[in-house]
2 protein chains.
Amino acid sequence: MTFNDRLATTVSQKNSLLCVGLDPDLRRLPQHLQQEPNAILLFCKEIIAATAASAAAFKINFAFFEAEGSAGWSMLEQLAAELPADVIKIADAKRADIGNTSERYAHAILDRLDFDAITVNPYLGRDAVEPFLQWPARGAFVLCRTSNPGSGDFQQLQSQGQPLYQTVADRVMSWNKNGNCGLVVGATDASDLARIREISPTLPLLIPGVGAQGGALEAAVRLGTDSEGGAALINSSRSIIYKSSGRDFVEAAAREAQTLCTRINEIRQAKLQTKS
Amino acid sequence: MTFNDRLATTVSQKNSLLCVGLDPDLRRLPQHLQQEPNAILLFCKEIIAATAASAAAFKINFAFFEAEGSAGWSMLEQLAAELPADVIKIADAKRADIGNTSERYAHAILDRLDFDAITVNPYLGRDAVEPFLQWPARGAFVLCRTSNPGSGDFQQLQSQGQPLYQTVADRVMSWNKNGNCGLVVGATDASDLARIREISPTLPLLIPGVGAQGGALEAAVRLGTDSEGGAALINSSRSIIYKSSGRDFVEAAAREAQTLCTRINEIRQAKLQTKS
């Protein structure tokens, strides 16, 4: 089964588009956890257990583990090994380099750490992304239109009659030979999201920016899903994992994930009903 | 002292523009090392000892360490701690993400691992690069024109009357408020290199692609250096570290590094004499 088919199956079986983003910043963890050795690992395991019922995917942000050095990388290994089998495991690592180096990153993350997918950066071009696409069952979400303030610096530059991010979407469509390419598209600009969905009607979109980054949920779901209300993962990180900074963070995260999952499904239903 | 001033001082004191790139692929190490635990660390330490006299900088390719998992990251920590004090230590990690994530990568690599500089990817724009520029003594080499086959996919797209890579060079000039920005420019296309040097007369250029990637050394040195024959690091990785695959790899690497350093200095001298 290709990665994109597996994503569709998971979304259907779990009846969820929610991706829970794990950005475990030691300085923001609940007080009672901060003194523990392996605090970020403990925190992530609690969040995963609390939200797994509502999540189609988990996205692990590598920077927060690397910030803890080799101990952090070791926690990343333990975490990757313990993620539930019925969710999509995404390495949010934003890698890409010349071919022989990307091949080593692909080995490290998709093979050795056994993630299902990775986020990659398109700037170096096709041969820098290809090593991440070599196994059809493993996927790559290519950065297309990001949600940060400086995203327009280059992504919005007009070229060949369209902004760069649209050319990236075009190219990634052509790279999708193994059925395992997706795009990262921020939820912060609805019209850009709509345009990308038009260019790439079937590619899975990984959509951050809902919640703490301020993207509007309704637009993200309506415009980001495909015609069947699928092929999208709506990512929320900080608004779930830091919902409470007290001892009730587990229950608070569980409630927030469930609320988001339900709300997303309501918007999907409404979209499909409008269509039919 | 800013990073760029420190680079100039190092180049002057060591009378070298050579950057030795450490891409230690376990599968390519000399046979007698492959069975050792920590083989890639042992290999790198031998190469460093052999080439430090000729090198102004060492560039450590993170992918080859991550490919060994947490043990690899631990070797990276040991290696970073043992690099000579009189060289520039570059983390070739190609990072960049939204601000709060880039901030964690900057902490991991420039603070915790104590590298002098890091390679970063411009696609996300200014706020993704800024966290790497927060300490004037630490620098960032921003990918501009890379040397891989697919580098033209996006970097050569015409926009605002010039290819994207030139717009990147323009922007990085404006980001250089702390005197700590540089550019990564492949040696494979001489005219592109010349154009970038024109746009950014003083920014340090990190120039890979000499040696195994086929870039012409003479053009790289003539066109990549500034008007004083400095502000450039000429990187060679595989052509030095894999010069011999036998037990004489240390001597072979030492000779190759010395030969390259000398040849680079001859070209610099010739350029300065032509000018005067």
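Above: the structure in question.
Rules of the game
- Residues numbered from 1 in each chain as written.
- Chains lettered and ligands numbered in written order.
- Predicted model: local features only at pLDDT ≥ 70, side-chain atom pairs only at ≥ 80, totals over all residues.
- Helix = DSSP H or I, 4+ residues; strand = E, 2+ residues; numbered from the N terminus.
- Rg over C-alpha atoms; globule rule 2.2 N^0.38 Å.
- Buried ≥ 20, exposed ≤ 12 C-beta atoms within 10 Å, placed from the backbone.
- Contact = placed C-beta atoms within 7 Å.
- Pairing = 2+ DSSP bridges.
- Axes fitted to C-alpha atoms, helices over the stretch in contact; angles between N-to-C directions.
- Parallel < 35°, antiparallel > 145°, perpendicular 65-115°, else oblique.
- Left-handed = near helix turned anticlockwise from the far one by under 90°.
- Nonpolar A, V, L, I, M, F, W, Y, C, P; charged D, E, K, R; others polar.

(A) Up close: the overall build of chain A. Regarding its fold elements, chain A presents 13 helices and ten strands. For 276 residues, the compact-globule estimate of 2.2 N^0.38 gives 19 Å, and the C-alpha radius of gyration of chain A, at 18 Å, lies within 12% of that figure. Along the longest, intermediate and shortest principal axes, the C-alpha atoms of chain A span 55 × 50 × 40 Å. Within chain A, the fraction of its 276 residues that count as buried is 57%. A sequence separation of at least 24 residues applies to 72% of the contacts in chain A between residues at least 6 apart.

(B) Molecular detail of the environment of Met75(A). All names here are of chain A. In this fold, methionine 75 is placed in helix α5 (residues 69-82). Since 23 C-beta atoms lie within 10 Å of it, methionine 75 is described here as buried. Residues methionine 75 and arginine 28 lie 47 residues apart in sequence; the distance between their C-alpha atoms is 18 Å. Setting aside anything within four residues of it in sequence, one finds methionine 75 in contact with Asn38, Ile40, Leu41, Phe65 and Glu68.

(C) How the structure looks around the sheet that holds strand β1 (residues 18-22) of chain A. Residue and element names in this part refer to chain A. Pairing is parallel in the closed barrel, where eight strands are placed in the order β1-β2-β3-β4-β5-β8-β9-β10. Here the strands of the sheet are splayed against their neighbours by 30° on average, with no regard to which way each runs. Across two bridges, the pairing between strand β8 (residues 181-185) and strand β9 (residues 205-207) is parallel. The residue of β9 that forms the bridge with valine 184 is leucine 206. Against the sheet, helix α9 (residues 164-175) contacts β5 (139-145) and β8, and its axis sits at roughly 160° relative to β5.

(D) Structural context of the packing of helix α10 (residues 190-199) of chain B against helix α11 (residues 217-224) of chain B. Residue and element names in this part refer to chain B. Two numbers describe how α10 lies on α11: the axes approach to 9 Å, and their chain directions differ by 15°. Between α10 and α11, the interaxial angle falls into the category roughly parallel. In this structure, α10 meets α11 at a crossing whose hand is right-handed. Residues Ala190, Leu193, Ala194 and Arg197 of α10 pack against Ala219, Ala220, Leu223 and Gly224 of α11. In the contact of α10 with α11, the residues fall into six nonpolar, one polar and one charged.

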